[in-house]
Amino acid sequence: AQSVTQLGSHVSVSEGALVLLRCNYSSSVPPYLFWYVQYPNQGLQLLLKYTSAATLVKGINGFEAEFKKSETSFHLTKPSAHMSDAAEYFCAVSDPPQKVTFGIGTKLQVIP
Amino acid sequence: KAGVTQTPRYLIKTRGQQVTLSCSPISGHRSVSWYQQTPGQGLQFLFEYFSETQRNKGNFPGRFSGRQFSNSRSEMNVSTLELGDSALYLCASSLSQGSDEQFFGPGTRLTVL
């Protein structure tokens, strides 16, 4: 069975600092991995996805994530946090055509 | 191209009532999935419909049901509402079953009193 663990339900960073949101997964087969962002009172928006191509995936808004099979990790990073990055971030795993499993989410606070 | 739309956006019901939520996927998308989002449990998968057939189902009681129409629009129904059903219900559409990208609607906020 597939599962996702997001370390840290709340993360605070200063504006301009590095953003690192952690995600570890378990899957019996090479998975598809995703990061989604959710702003208040909105649905989820796809930031980036890994589908067994390049291990370093670049997404929207300057975010990127690296797939590390040996560590079963897919951490999300951004070199410099912006106030507009404050939101909740979800890591997800999918073994198509199975359902997508989401992590519990990490709320990112950006301190001016 | 219009995004995923969900109606209504907000709903208040009382215990024991039933509710129907609607989701219109992106034009051309044939798969619709439903999720329940709560602060304590996060996003939990309810079910997925493709070509009017339920293809996957999460671990929810039979009070939660859904259907999909020939135009790919989907509805979910919750009967005999309980306080714990208060949540944001999200619908996501994708091109086909097992597609690697889902597009989410804004959700329906259900409050059960």
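These remarks concern the structure in this document. (Residues numbered from 1 in each chain as written. Chains lettered and ligands numbered in written order. Predicted model: local features only at pLDDT ≥ 70, side-chain atom pairs only at ≥ 80, totals over all residues. Heavy atoms only, no water.)

Overview of the state of the cysteines
For step 1, the next point in the chain: Per the counting criterion, the structure on display carries 2 disulfides over all chains.
For step 2, the next point in the chain: There is a disulfide in this structure between Cys 23 of chain A and Cys 91 of chain A, and the S-S distance comes to 1.9 Å. As the torsion about the S-S bond is roughly -65 degrees, the Cys 23 of chain A-Cys 91 of chain A disulfide counts as left-handed. Here Cys 23 of chain A is found in strand 3 (residues 19-26), whereas its partner Cys 91 of chain A is found in strand 9 (residues 87-94), with 68 residues between them in sequence.
For step 3, the next point in the chain: Residue Cys 91 of chain A is classed as buried on the basis of its relative accessible area, which comes to 0%.
For step 4, the next point in the chain: A sulfur-sulfur distance of 1.7 Å marks the disulfide that ties Cys 23 of chain B to Cys 91 of chain B. Taking the torsion about the S-S bond as the criterion, the Cys 23 of chain B to Cys 91 of chain B disulfide, at about -55 degrees, is left-handed. With a gap of 68 residues between them, Cys 23 of chain B in strand 3 (residues 19-24) and Cys 91 of chain B in strand 9 (residues 87-94) connect regions that are remote in the sequence.
For step 5, the next point in the chain: On the basis of relative accessibility, which here comes to 0%, the residue Cys 23 of chain B falls in the buried class.
For step 6, the next point in the chain: Take Cys 91 of chain B: its relative accessible area is 0%, and that puts it in the buried class. (Disulfide = S-S within 2.5 Å. Helix = DSSP H or I, 4+ residues; strand = E, 2+ residues; numbered from the N terminus. Buried < 20%, exposed > 50% of the residue type's maximum accessible area, 1.4 Å probe, protein only.)

Details of the packing of aromatic side chains
For step 1, the next point in the chain: If you walk through the whole model with that rule in mind, you get 13 aromatic pairs over all chains.
For step 2, the next point in the chain: Taking 4.1 Å as the distance between ring centres and 15 degrees as the angle between the ring planes, the aromatic pair formed by Tyr 50 of chain A and Phe 67 of chain A counts as stacked. You can see Tyr 50 of chain A sitting in strand 5 (residues 44-50) and its partner Phe 67 of chain A sitting in strand 7 (residues 64-68), a full 17 residues away along the chain. By the burial criterion, Tyr 50 of chain A is buried, and Phe 67 of chain A matches it.
For step 3, the next point in the chain: Taken together, a centroid distance of 5.7 Å and an interplanar angle of 70 degrees make the contact between Tyr 35 of chain B and Phe 45 of chain B edge-to-face. With Tyr 35 of chain B in strand 4 (residues 31-38) and Phe 45 of chain B in strand 5 (residues 42-50), this residue pair connects regions lying 10 residues apart in the sequence.
For step 4, the next point in the chain: A residue is classified by how much of its surface remains accessible, and Tyr 35 of chain B, at 0% relative accessible area, is buried.
For step 5, the next point in the chain: Since its relative accessible area comes to 7%, Phe 45 of chain B is described here as buried. (Phe/Tyr/Trp six-rings, centres within 6.5 Å; stacked < 30°, edge-to-face > 60°.)

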